[in-house]
Amino acid sequence: MKLLRVGPVGQERPVVMDGAGNLRDIGEPEIDGAFLASGGVARVRDALERDVLPVVAAEGLRVGAPVARPGKIVCIGLNYSDHAAESGAEVPAEPVVFMKATNTMVGPYDEVLVPRGSLKTDWEVELAVIIGKQARYLGSREEAREVIAGYAVANDVSEREFQLERGGQWDKGKSCETFNPLGPWLVTADEVPDPQNLAMRLSVNGEVRQDGVTKNMIFDVAEIVRYLSQFMVLDPGDVINTGTPAGVAMGMPGQPYLRAGDVMELEIEGLGRQRQTVGQA
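Reading guide: rules and limits
- Residues numbered from 1 in each chain as written.
- Predicted model: local features only at pLDDT ≥ 70, side-chain atom pairs only at ≥ 80, totals over all residues.
- Heavy atoms only, no water.
- Salt bridge = Lys/Arg side-chain N within 4 Å of Asp/Glu carboxyl O.
- Buried < 20%, exposed > 50% of the residue type's maximum accessible area, 1.4 Å probe, protein only.
- Helix = DSSP H or I, 4+ residues; strand = E, 2+ residues; numbered from the N terminus.
- Contact = heavy atoms within 4.5 Å.
- Pairing = 2+ DSSP bridges.
- Axes fitted to C-alpha atoms, helices over the stretch in contact; angles between N-to-C directions.
- Phe/Tyr/Trp six-rings, centres within 6.5 Å; stacked < 30°, edge-to-face > 60°.
- Core = buried A, V, L, I, M, F, W, Y, C linked by side-chain atoms within 4.5 Å.

J.: Honestly, the pattern of salt bridges in this entry has me stumped. Any pointers?
T.: One side chain can pair with another of opposite charge once the charged atoms of both are near each other. Under the defined criterion, the tally for this structure stands at 27 salt bridges. For D46, the salt bridge goes to R50, with nearest N and O atoms at 2.9 Å. By relative accessible area, which is 36% here, D46 ends up partly exposed. Across the pair E265 and R275 runs a salt bridge, and its minimum N-O distance is 3.8 Å. A residue pair is termed long-range when its members are at least 10 positions apart, and E265 in strand 18 (residues 263-268) and R275 in strand 19 (residues 272-280) qualify at ten residues.

In structure tokens form, the structure reads like this:
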């Protein structure tokens, strides 16, 4: 299934997309950790199969992030060998972990703001994992797969000077407002049988900048979830950004960082497309 949230900022309503592309009201208060932990996906699937969900008029509706109020956004850095190389970094022996503030999350078509004082705002198309069950000290990759509710497209927008030149804390370059567009959908895990074989692409102003595939991750999805559970409790609704392939501005000749007026378009196979116009904070 494809779950999403539509409506003005702060007033989004949860819906599901049926096989014909219609949006249907799911009759739940929200798509969040409580929904995922209480069997919400199964309830919606059953209601959809029984054809009892009313159609929602979709025209003109804003699409918000597909999951509300995650407890945390956890990110994996340098997780594609080609991106590590363009960054001038060695391939990590263990996953590089950092966090993003949860209020960075916006909808897939919302404006992305270059922060005040920024000269090095960058893009990163990423596969996002949404956790569906509480997880701690997972003992295997199989256990890790069982706690995944689904997947989404993420843009891990990053300010490289703040991240790398301002005291060594990556979070500062990752947590500016609007820096984590998510969606358009939460695609349930059953519709993504192999998350390690998804094509991913990002363009800026119509020019392709990133063109990769998730099979080139250094640490795959199951290992990332298993690994993180050794260091933190993963809760339902948490979002994990799993890394980006080569092609970011930081690694390109001339480093063409984002400026107000630029347009980013990104997609991951089977998970939908995003489009953001860049503004100035």
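J.: Can you help me understand helix 7 (residues 221-228) in this one?
T.: Side chains three or four residues apart in an α-helix point the same way, a direct result of the helix having 3.6 residues per turn. Burial of helix 7 is extensive: seven of the eight residues sit out of reach of the surface. All of the buried residues in helix 7 are V221, A222, E223, I224, V225, Y227 and L228. Elements that come into contact with the buried residues of helix 7 comprise strand 5 (73-77), strand 6 (96-100), strand 10 (125-131), helix 4 (141-146), strand 11 (148-155) and strand 17 (239-241).

J.: Explain the sheet that holds strand 2 (residues 13-17) here, please?
T.: Working definition: the strands of a sheet are paired by backbone hydrogen bonds and lie parallel or antiparallel to each other. Taken together, the ten strands give an open sheet; going across it, the order is 4-3-2-1-14-11-10-17-5-6, and neighbouring strands pair in mixed fashion. Both edges of this open sheet fall to strand 4 (55-56) and strand 6, since each of them pairs with a single strand only. Of the strand pairs in this sheet, strand 10 and strand 17 are connected by three bridges, and their pairing is antiparallel. Looking at strand 17, one finds that V129 is bridged to I240. In this fold helix 7 packs onto strand 5, strand 6, strand 10, strand 11 and strand 17, with an angle of close to 55° to the strand it touches most, strand 10.

J.: Please clarify how the environment of V125 should be interpreted in this entry.
T.: With respect to the helices and strands, V125 occurs in strand 10. Along the sequence, V125 and E159 sit 34 residues apart, while their C-alpha atoms lie 14 Å from each other.

J.: Which parts of the structure should I look at to understand the packing of aromatic side chains?
T.: Aromatic ring pairs are defined here through the distance separating the ring centres and the angle between the ring planes. Overall, the coordinates contain two aromatic pairs when judged by the stated rule. Judged by centre distance (4.9 Å) and plane angle (50°), the ring pair of Y227 and F231 falls under tilted. Taking the relative accessible area as the measure of exposure, Y227 reaches 11% and is therefore buried.

J.: Explain the nonpolar core to me, please; I cannot follow it from the model alone.
T.: Generally speaking, nonpolar side chains in soluble globular proteins are found buried as a group. Formed by 53 residues in total, the largest nonpolar core has its most connected members in W123, V225, I240 and L271. Those elements that provide at least two residues to this core are strand 1 (2-6), strand 5, strand 8 (112-114), strand 10, strand 11, strand 15 (199-204), helix 7 and strand 18. Counting 25 residues, the second largest nonpolar core, distinct from the first, contains I31, L36, M105 and V239.

J.: I'm lost on the side chain of H83 in this one. Help?
T.: Here H83 lies in helix 3 (residues 81-86). Those residues in contact with H83, other than ones at most four positions away along the chain, are L78, E124, R160, T244, P245, A246 and V248.

J.: Quick question: what am I supposed to make of the sheet that holds strand 8 here?
T.: Taken together, the five strands give an open sheet; going across it, the order is 8-19-18-15-16, and neighbouring strands pair in mixed fashion. Only two strands of the sheet have a single partner each, and these edge strands are strand 8 and strand 16 (207-213). Between one strand and the next, the sheet's axes are offset by a mean angle of 20°, whatever the strand orientation. Pairing between strand 15 and strand 16: six bridges, direction antiparallel. Within strand 16, the residue paired with A199 across the bridge is V213.

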